[in-house]
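Observations on the three-dimensional arrangement
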Amino acid sequence: MELKSIPRGAELEVSFAGELDHHAAKQAMHALDEELEEQLPRNLVLDFGGLQFMDSSGIAVVMRAYRRMQELGGSVCMKNVPDQPGKVLRAAALDRLIPMDGKKAPSGL
Amino acid sequence: MKRARNQADLQFPSHSANEGFARAAAACFAAQLDPTLEELGDIKTAVSEAVTNCIVHAYPDTIGSIALKLRHHDGNVLEIVVRDWGCGIENIEQAREPLFTTGGADRSGMGFTIMESFMDSLRIRSVPGRGTTVTMKKKIAQRAAVR
Ligand SMILES: Nc1ncnc2c1ncn2[C@@H]1O[C@H](COP(=O)(O)OP(=O)(O)OP(=O)(O)O)[C@@H](O)[C@H]1O
Ligand SMILES: [Mg+2]
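**Some words on helix α2 (residues 37-58) of chain B**
- Between its terminal C-alpha atoms α2 of chain B stretches 31 Å, which fits the 32 Å expected from 22 residues at 1.5 Å a residue.
- Summarising burial for α2 of chain B: 16 of the 22 residues are buried, a large majority.

Quick look at the structure:
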């Protein structure tokens, strides 16, 4: 699992590469926490284009980032979501909470 | 059930590095049933959920043993059994409910829900203090061979 972050003014893009499972989640959460505290962005973009696998451990990583961005009064979106991670995210209805690949979350929850 | 057409049995300790090993092994075995990429993704996800549950819930403070059994049955049915000898589950019905978790903020309570929806069937047997056995099945549609 590799995380790369690209700050662009008020926007922070974090790209994920590899397999996001329980084995990788702790480190990913930690890296994301640190990045958010350092940059305090208004918008967080999660780029999942390099993700080869994700399970429910990834749901917890995304939810944690979502909650932190809510505290900061900012927004989150996900882009370049491959099929397998997309299916897992939709099973947890995260696509209804966080815009995924340009599709707006239907209920402004 | 009739004897399986093919089978593989694995046993490994509950190190989190084995999550990736278990789903790769299951995917390799499942390849014999000629699944689509989506079906293969479903199988890897379900195995990852079941094995992760053994690692985080069954053996929270120790390293224990996990068994993974893979069976190829007639009718192109894949059967996956994941077994541990850990703490067990008190209330299985409650454990299967979406969002139910004893794992705090690091977990989302979606593992069993995902196993159930990504596979055709999910059976959970558990004895508190003795361990848990999760059995999942998925029929892989037989496609016309491409020559
Ligand atoms: N092998 C197991 N041994 C003991 N308890 C288990 C086992 N598997 C599941 N459980 C119990 O069932 C609950 C629900 O499991 P499930 O996989 O659905 O969610 P989770 O593991 O808590 O969260 P997630 O899978 O989304 O990370 C767990 O919180 C745990 O209490
Ligand atoms: Mg789980």
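Alright, that's what it looks like, and here's the rest.
**Concerning the site of ligand 1**
- Surveying the vicinity of ligand 1 reveals 20 residues, the closest of which are H57, T101, T102, R107 and S108 of chain B.
- More than one chain lines the surroundings of ligand 1; the residues nearby belong to chains A and B.
- At 2.5 Å from an oxygen atom of ligand 1 is found a side-chain nitrogen or oxygen belonging to T101 of chain B.
- Between R107 of chain B and ligand 1, the recorded distance is 2.6 Å, taken from a side-chain N or O atom to an oxygen atom.
- The fraction of the free accessible surface of ligand 1 (600 Å²) that becomes covered by protein chains is 96%.
- Counting residues per element, the ones that place at least two in the shell around ligand 1 are α2 and α4 (111-118) of chain B.
- Here the shell around ligand 1 takes four residues from α2 of chain B, the largest share from any one element.

**Structural notes on the pairing of strand β3 (residues 43-54) of chain A**
All names here are of chain A.
- Both strand β2 (residues 11-20) and β3 contribute to a ladder of nine bridges, which runs parallel. Looking at β3, one finds that E13 is bridged to V45.
- Taken together, β2, helix α1 (residues 22-39) and β3 constitute a β-α-β crossover, and its handedness is right-handed.
- Here β3 runs beside strand β4 (residues 75-79); their pairing, made up of five bridges, is parallel. Residue L46 lies in a different strand from β4, and its bridge partner there is M78.
- Regarding topology, helix α2 (residues 56-71) serves as the crossover connection from β3 to the parallel β4, and that connection is right-handed.

**A few points about the interface of chain A and chain B**
- Across the contact, 18 residues belong to chain A and 23 residues belong to chain B.
- Here chain A meets chain B over a buried area of about 1600 Å², counting both sides, of which 53% is carbon and sulfur.
- Ranking the residues of chain A by area buried against chain B places H22, F53 and K87 of chain A at the top, with a combined share of 32%.
- Joining chain A to chain B, the criterion identifies four salt bridges.
- R23 of chain B is paired through a salt bridge with E19 of chain A; the nearest N and O atoms lie 2.9 Å apart.
- Of all the elements in the fold, those that place two or more residues in the side of chain A that touches chain B are α1, β3, α2 and α3 (83-91) of chain A.
- Of the residues contributing to the side of chain A that touches chain B, the split by class is eight nonpolar, five polar and five charged.

**Things to note about the side chain of S48 of chain B**
- With respect to the element layout, S48 of chain B can be found in helix α2.
- Overall, the relative accessible area of 0% leaves S48 of chain B in the buried class.
- For S48 of chain B, the side chain forms a polar contact with the side chain of D55 of chain A, separated by 2.6 Å.
- Residues in contact with S48 of chain B, not counting those within four places in the same chain, are D21, F53 and D55 of chain A together with R23 of chain B.

Calculation criteria
- Residues numbered from 1 in each chain as written.
- Chains lettered and ligands numbered in written order.
- Predicted model: local features only at pLDDT ≥ 70, side-chain atom pairs only at ≥ 80, totals over all residues.
- Heavy atoms only, no water.
- Helix = DSSP H or I, 4+ residues; strand = E, 2+ residues; numbered from the N terminus.
- Expected span 1.5 Å × (residues − 1).
- Buried < 20%, exposed > 50% of the residue type's maximum accessible area, 1.4 Å probe, protein only.
- Near = heavy atom within 4 Å.
- Polar contact = N/O pair within 3.5 Å; in protein donor to acceptor, adjacent residues only side chain to side chain.
- Areas by Shrake-Rupley, 256 points an atom, 1.4 Å probe, with all protein chains shown as cover.
- Pairing = 2+ DSSP bridges.
- Right-handed = clockwise from strand over helix to strand, strands pointing away.
- Contact = heavy atoms within 4.5 Å.
- Buried area = accessible area lost by both parts, 1.4 Å probe.
- Salt bridge = Lys/Arg side-chain N within 4 Å of Asp/Glu carboxyl O.
- Nonpolar A, V, L, I, M, F, W, Y, C, P; charged D, E, K, R; others polar.

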